[in-house]
Amino acid sequence: MSPWLCPEVLLVLAGVGLILTDALLPPGKRTVLPGIALVTSCVLLAGTIWQSGQPMTSSWGNLFVTDGLSSVFKPFFVLCLVGVTLISVRTPMGREETVRSEFLALPFFSSAGLCLLASAHDFLAIFVALELVAISLYLLVAFQRTQVKSLEAGMKLLVMGGLSTGFLVMGIAWLYAAAGTTEFTRILLEQAGRPASVALLLAVGLIVTGLAFKIAAVPFHAWAPDVYEGAPTSITAFLAVASKAAGFVLLVRIFGFGAFALDSVALVFRPILLTLGIATVTLGTLAALPQRNLKRLLAYSGIAHAGIMLLALGTLGEAGMGTVVGYLWAYLLASFPVLITIQEVERIYGSADVRHLDGLAQKDPGTALGLTLCFLSMAGLPPMLGFSAKLSVLSTLWNAGEIPGLVVGVIMAVVGLGFYLVPIRAMYWEREADSVPICRFPRFLVWILLSAGLLQLLLGLQPRPLIRLVERSLAPSVSAIIQEK
Amino acid sequence: MEARGLAMTLTWALPLLLLLPTLGVVAIALGSDPRRTALGVSLLNFIPAFLVSGVVLRQGEILFGPEVSTLREVFPIQFRLGCDGLSLPLLWLTLVVTLAAMGVARAQVKRSKEYFICLLLVGLGGLGAFLSVDLFYFFSFHEVALIPSFLLIGIWGQGDRTGAAWRMTIYLMLGSLLLLLGLLGLVFAVPEISRTLDWRVLTETLRAQPLGVKHQTILAALLLVGFGTLVSLVPFHSWAPGGYASAPAPAAMLHAGVLKKFGLYGLLRLALTMTPLGWKEISWVVGLMLAGNILYLGLASLAQRDFRWLLGFSSAMHMGTLFLGLIGGTVLGLGGALVLMVGHGLSAALGFAVAGEIGHRTGTTWMQDLGGLAKKAPKLWFYLMIAGMASIGLPGMANFAGEIMIFFGAWSSHPILVGIAAWGVVLSSVAMLRAIRSISSGPVSVAMTTQQTSDLQGTSEVWPFAFLTVLLFAVGFIPNLILGPARPILERLIQP
């Protein structure tokens, strides 16, 4: 399997191809572009899934590896891309219609960066990959440049992203000073069995800070709600799911079996990560309670989910890492259908206020049911998949003896019902407002929602497939085995 | 050999019990007549239930599902169902109350499709919980009922339905999660090599190698608070009376009649068997709480002016007596608790059904407005009397059999509590008799003279009430229907 056929390369080629096609097409025929983009992303998804089963031998030195974790998360990111493209296609662009090809192509570059990130095995590679993701995102968030909110969001993301990159680079510099290398395995070999130096701890701290911005962990979360609300919904989806997941994949890799899987580091950072997790889940849940805008609600619920995952990650054991992997997939399955719905709500009503869902159960029972299942899964109610995910977090914490995290997690799971039930209540209890818009939700939405809801229900009743996936993601890295030989 | 093959085939009756309501939900969603479908599947479910009962009576238990996995897995969830002498009465209680609830539910209700789907789901949750052998499904099935209950109260409820629905949902969720922690604790208490989610195996393991007293106490306390919230044990009760008062009648029947028993069943099945020493340690706390249920809620029920609220309080109050059976530590007391669980399930269902009918026919459940109901609607009045008499423990009814057994069973170990519980009987009699007096022989109210109040009419309206009444008497006269199959299990349960 040639490394030149890996998803990253194909994604970049597809992105470039989309822009070129747009430039070469006669102006009247531009309407085919969305279709091309959607089909391309689906083909890429199939290719990535097929490829993730194949062993890859070469990895550009040890800059990138292909292991269980990367092979589980590359399809994840490309699946996100398919969803994002689907939303982008349906986004009304108004005066920016002429630049729709960029709007469609840029997520491809970002996804390439995410896939690189999933297999990065060197902090230099991580830096390059993160910038590839971030720069496309700065553009995309501020894409609706006639809207003040979009511009404001772009500005905020730019400043915050720049700041977080600064932390990250600083951390990498300190790391190089402390260990003399930025490659994961060598750091591990170098530092194993030694007490951690101050420089190393500082480096880890700075890098974790940089990543905490990406996953919107408290106290580095303040940008998220505003940016999510201001950005076009497709980009909100990208930020809320793909970008957040990338941060966690990175954390799992460096703390699970990469650079910082060291006892000396764990001693200091386990309490720090757990504290971050407790703060994040508490603030995310409490701040979500008064929200009545679906995008903001989802932003805060995303913060709460990040907190829960941080709690699992903070135990720094194999079980914790596996839990995060499974949780991310559950999060993807629950939040993407909701985000697609939000896009349609915005398209019809012009805003994502929760009252637009009033009485949905009566005029469109399928959509209401699918949406309800997704929200229930997010809330972690059995028998949905989200419950299995939350259960494994709780059992990880119990096993690790982290009682404060456990207690906070349980309390916040209950409090969380307070806002996850708000849209459900709107759909089933309330009556539809008198001024009924003519537009209805498109049929494809019903199918997406229902199949996603049903999938989560079935996986919740029988989570074995997901467990297999988790086990695979934690399998020893292929390249590491090859190296040993 | 052939008999074995037959028994193997019969085990499919267990998943069928869960499949039928599920199919009913799907059929209603696809457009079949909601009430008829719901009634049909509830009635059809009696067939597999009879098969299951046959096997249980012959062999003691029936199991469905894969063999217990011996492989060490991250998350050893297996879909296994089972039924034995202890779960059999509750299985029947669920089926009976579900059928009666469907019979009482009206076809002309607004949004009848969602209404009957929610009702079926609540019943399904109860059934699944009583039949599950795997703790994961045991817990999950109970939670299945949570959101439908929220919607049932919120959409079709009366009074302060919004507040009641939220309070109930949040309370039950909190209770469930504490319970989940307790269950996790039980599972993780076993060494990794023999870890399993199957409560049958777990019980054996924890009986062979009991945990330390301190460990057991912590787990028992978690389970007590978790299950106790679901059973509305004081001080975790405040969701119950208002929730039942606001819920539409069939939902209140299912919730008070069936789902509440889940907590008691769980305590009996898990807490008492797996953490017996811990349970003994905290039994004084349970004693205080149950005294609270009996005295505090009993006094509160005296002050009620609305018949629904009265039923809500008295239903929560009787949980105190039930807990007395659980801490008595004798087979007699446990058997009494089991009989009272069934009796209370039936009588609460009957009570809420009557209250629902009264509310529907007269437009009020305020007791002072109901004076003269006996003349206007003698049949309704008759079943009101039956429900009231059952609830205060009149001999001949199931509740009396259960209560008297509990009192005798707990007398040697907790005489003071038995005294308190006897006062509870007095309190509940006073409350109930006052209610009955003001409804039957009180001054004829304006509402009764002006409104066209009709009685239950024809078999189609009477049968759910008659059905519950007959069963109340049947269990009351022959409690061995329940105790026979359950006795061996209860005896094993309290063996040291």
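Criteria and thresholds
Residues numbered from 1 in each chain as written. Chains lettered and ligands numbered in written order. Predicted model: local features only at pLDDT ≥ 70, side-chain atom pairs only at ≥ 80, totals over all residues. Heavy atoms only, no water. Helix = DSSP H or I, 4+ residues; strand = E, 2+ residues; numbered from the N terminus. Rg over C-alpha atoms; globule rule 2.2 N^0.38 Å. Buried < 20%, exposed > 50% of the residue type's maximum accessible area, 1.4 Å probe, protein only. Contact = heavy atoms within 4.5 Å. Areas by Shrake-Rupley, 256 points an atom, 1.4 Å probe, with all protein chains shown as cover. Lys, Arg positive; Asp, Glu negative; His and termini not counted. Charge placed at Lys NZ, Arg CZ, Asp CG, Glu CD. Buried area = accessible area lost by both parts, 1.4 Å probe. Salt bridge = Lys/Arg side-chain N within 4 Å of Asp/Glu carboxyl O. Polar contact = N/O pair within 3.5 Å; in protein donor to acceptor, adjacent residues only side chain to side chain. Nonpolar A, V, L, I, M, F, W, Y, C, P; charged D, E, K, R; others polar. Phe/Tyr/Trp six-rings, centres within 6.5 Å; stacked < 30°, edge-to-face > 60°. pLDDT = per-residue confidence, 0-100. Pairing = 2+ DSSP bridges. Axes fitted to C-alpha atoms, helices over the stretch in contact; angles between N-to-C directions. Parallel < 35°, antiparallel > 145°, perpendicular 65-115°, else oblique.

Regarding the overall build of chain B
Then comes step 1: Summing up its helical and strand segments, chain B has 24 helices and two strands in all.
Then comes step 2: For chain B, whose C-alpha radius of gyration is 22 Å, the value lies close to the compact-globule estimate of 23 Å for 496 residues.
Then comes step 3: Dimensions of chain B, computed from C-alpha atoms along their principal axes, come out at roughly 75 × 55 × 40 Å.
Then comes step 4: Counting only residues that meet the buried cut, chain B has 65% of its 496 residues in that class.
Then comes step 5: Contacts spanning at least 24 positions in sequence make up 81% of the contacts within chain B whose residues lie at least 6 apart.
Then comes step 6: Approximately 17700 Å² of chain B is accessible, and the part contributed by carbon and sulfur atoms is 68%.
Then comes step 7: Of the side-chain charges in chain B, 30 are positive and 21 negative, and the distance between the mean point of each set is 7 Å.

A few points about the overall build of chain A
Then comes step 1: Scanning chain A for helices and strands turns up 20 helices and zero strands.
Then comes step 2: Here the C-alpha radius of gyration of chain A, 22 Å, is about what a compact globule of 485 residues would show, namely 23 Å.
Then comes step 3: Taking the principal axes of the C-alpha coordinates as reference, chain A spans close to 70 × 55 × 40 Å.
Then comes step 4: Only carbon and sulfur atoms are counted for the fraction: they give 69% of the accessible area of chain A, which is about 17400 Å².

Describing the interface of chain A and chain B
Accessible area lost when the parts come together is the quantity often used to give the size of an interface.
Then comes step 1: Across the contact, 33 residues belong to chain A and 34 residues belong to chain B.
Then comes step 2: Sorting the residues of chain A by area buried against chain B places Trp398(A), Val414(A) and Trp429(A) first, and these three jointly supply 22% of that buried surface.
Then comes step 3: Taken together, the links from chain A to chain B amount to zero salt bridges.
Then comes step 4: Applying the counting rule to chain A against chain B returns three residue pairs in polar contact (both at pLDDT 80 or more).
Then comes step 5: With eleven residues, helix H17 (residues 403-428) of chain A is the largest single contributor of residues to the side of chain A that touches chain B.
Then comes step 6: Partitioned by chemical class, the residues of the side of chain A that touches chain B number 22 nonpolar, eight polar and three charged.

Some details on the packing of aromatic side chains
Then comes step 1: What the rule picks out here adds up to 34 aromatic pairs over all chains.
Then comes step 2: Their ring planes at 35° and their centres at 5.6 Å tell us that Tyr383(B) and Phe465(B) sit as a pair that is tilted. Here the residue Tyr383(B) occupies a position in helix H19 (residues 378-392), and Phe465(B) occupies one in helix H23 (residues 458-477), the gap between them amounting to 82 residues. Accessibility assignment for this pair places Tyr383(B) and Phe465(B) in one class, buried.
Then comes step 3: Every member of this aromatic cluster is reached through a ring pair, and the members are Phe123(A), Phe184(A), Phe255(A), Phe260(A) and Phe269(A).

Regarding the side chain of Thr85(A)
Then comes step 1: With respect to the element layout, Thr85(A) can be found in helix H3 (residues 68-90).
Then comes step 2: Thr85(A) has contacts with Ala37(A), Leu38(A), Ser41(A), Leu104(A) and Phe108(A), leaving out every residue within four places of it along the chain.

A word on the confidence of the model for chain A
Then comes step 1: Looking at chain A as a whole, the pLDDT averages 88, with 95% of positions reaching at least 70.
Then comes step 2: Low pLDDT, under 50, characterises residues 477-485 of chain A; the stretch is placed with eleven contacts to residues that sit more than four places away or in other chains.

Quick notes on the environment of Leu455(A)
Then comes step 1: Considering the arrangement of structural elements, one finds Leu455(A) in helix H18 (residues 443-461).
Then comes step 2: In this structure the C-alpha to C-alpha distance between Leu455(A) and Phe257(A), which are 198 residues apart in sequence, comes to 31 Å.

Observations concerning the confidence of the model for chain B
Residue and element names in this part refer to chain B.
Then comes step 1: Of the residues in chain B, 96% reach a pLDDT of 70 or more, and the chain-wide mean stands at 89.
Then comes step 2: When mean pLDDT is taken per element in chain B, helix H5 (residues 87-104) scores highest with 95 and helix H22 (residues 446-450) scores lowest with 66.
Then comes step 3: Both confidence scores are given for the complex: pTM 0.91, ipTM 0.88.

Concerning the side chain of Lys260(B)
Residues and elements named next belong to chain B.
Then comes step 1: Among the structural elements, Lys260 can be located in helix H13 (residues 249-274).
Then comes step 2: The side chain of Lys260 sits in the buried core without any salt bridge; Glu403 is the nearest counter-charge, 13 Å away.
Then comes step 3: For Lys260, the side chain forms a polar contact with the side chain of Ser232, separated by 3.3 Å.
Then comes step 4: Those residues in contact with Lys260 that sit more than four places away from it in its chain are Leu230, Val231, Ser232, Trp239, Ala240, Tyr244, His255, Ser315, Ala316 and Met319.

Remarks on unusual backbone geometry
Excluding glycine, residues mostly carry a negative phi; peptide bonds, for their part, are mostly trans.
Then comes step 1: Cis geometry marks the peptide bond from Val218(A) to Pro219(A), where omega comes out at 5°.
Then comes step 2: In this structure, Pro219(A) sits in the loop between helix H8 (198-214) and helix H9 (223-230).
Then comes step 3: Cis geometry is adopted by the peptide bond preceding Pro235(B), which originates at Val234(B) and carries an omega value of 5°.
Then comes step 4: Here Pro235(B) is to be found in the loop between helix H11 (213-231) and helix H12 (240-246).
Then comes step 5: If you check the backbone angles, Ala216(A) has positive phi at about 55° while not being a glycine.
Then comes step 6: For Ala216(A), the position within the fold is in the loop between H8 and H9.

Points about the pairing of strand E1 (residues 61-64) of chain B
Residues and elements named next belong to chain B.
Then comes step 1: On E1, burial follows the alternation: Ile62 and Phe64 on one face are buried, whereas Glu61 and Leu63 on the facing-out side are not.
Then comes step 2: Where E1 and strand E2 (residues 81-84) come together, four bridges link them in antiparallel fashion. In the sheet register, Phe64 faces E2, and the bridge partner there is Leu81.

Observations regarding the packing of helix H7 (residues 135-144) of chain B against helix H9 (residues 161-189) of chain B
Residues and elements named next belong to chain B.
Then comes step 1: Where H7 meets H9, the axes come as close as 11 Å, and the angle between the chain directions of the two elements is 175°. Overall, the two elements H7 and H9 adopt an arrangement that is roughly antiparallel. From H7, Leu135, Phe138, Phe139, His142 and Glu143 reach across to H9, where they touch Met173, Ser176, Leu179, Leu180, Leu183 and Val187.

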